[in-house]
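Structure assessment
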Amino acid sequence: MKVQAPKGTRDILPGDVHKWQYIEKITADLNLNPEQVTKVEAAIREFFMEKKQMKQGGDKDGLRESKQDFKDDILNALTPAQQQKFMDNIQTYKQLLKR
């Protein structure tokens, strides 16, 4: 039996699945508008690029700072009500990024 990929997922690399799951989860949970989704996507792309560089260089302090910058970028894209909901669920969102 032939297994087919779900529609629209062929261009997502296995290493990127958790990033898209994160975006989809907070988009649904926080009811993000298209502009907010764009900002979250940019923040996650920047974070993972910095994270890779910091890990390769062994820069733990830089990695901590990068994590805080990522969180701040997300919060800046949200309304006050969304910010509160994000902070209430932050542990769930962190787990999505650890995969």
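Residues numbered from 1 in each chain as written. Predicted model: local features only at pLDDT ≥ 70, side-chain atom pairs only at ≥ 80, totals over all residues. Heavy atoms only, no water.

**A word on the overall build of the protein chain**
Basically, it comes down to this: Only runs of H or I of at least four residues qualify as helices and only runs of E of at least two qualify as strands under DSSP, and these elements are numbered from the N terminus. Partly exposed residues are those whose accessible area sits between 20% and 50% of the maximum for their type, while under 20% is buried and over 50% is exposed, using a 1.4 Å probe and protein chains only. Contacts are assigned to residue pairs with any non-hydrogen atoms lying within 4.5 Å of each other. Working definition of accessibility: Shrake-Rupley area with a 1.4 Å probe, residue cover restricted to the visible protein chains.
Across its full length, the protein chain holds 5 helices and 0 strands. Along the protein chain, helices (α) and strands (β) appear in the sequence α-α-α-α-α when read from the amino end. Relative to its full complement of 99 residues, the protein chain shows a buried share of 30%. Long-range pairs, those at least 24 residues apart, make up 61% of the contacts in the protein chain with a sequence separation of at least 6. With the model as given, the accessible surface of the protein chain reaches about 7200 Å², and the carbon-plus-sulfur share is 52%.

**Observations concerning a positive patch on the surface**
Let me state the cut-off plainly: A patch consists of residues whose relative accessible area exceeds 30% and which take part in no salt bridge; residues with like charges are grouped when within 9 Å of each other, and nonpolar side chains (Val, Leu, Ile, Met, Phe, Trp, Tyr) when within 5 Å. A carboxyl oxygen of Asp or Glu within 4 Å of a side-chain nitrogen of Lys or Arg is what we treat as a salt bridge. Charge assignment: positive for Lys and Arg, negative for Asp and Glu; neither His nor the chain ends contribute. Charged groups are reduced to one reference atom each: NZ for lysine, CZ for arginine, CG for aspartic acid, CD for glutamic acid.
Where like charges cluster on the molecular surface, the positive patch consists of K55, K67, K94 and K98. By the secondary structure assignment, K67 is in helix α3 (residues 60–77). The exposure class assigned to K67 is partly exposed, which follows from its relative accessible area of 46%.

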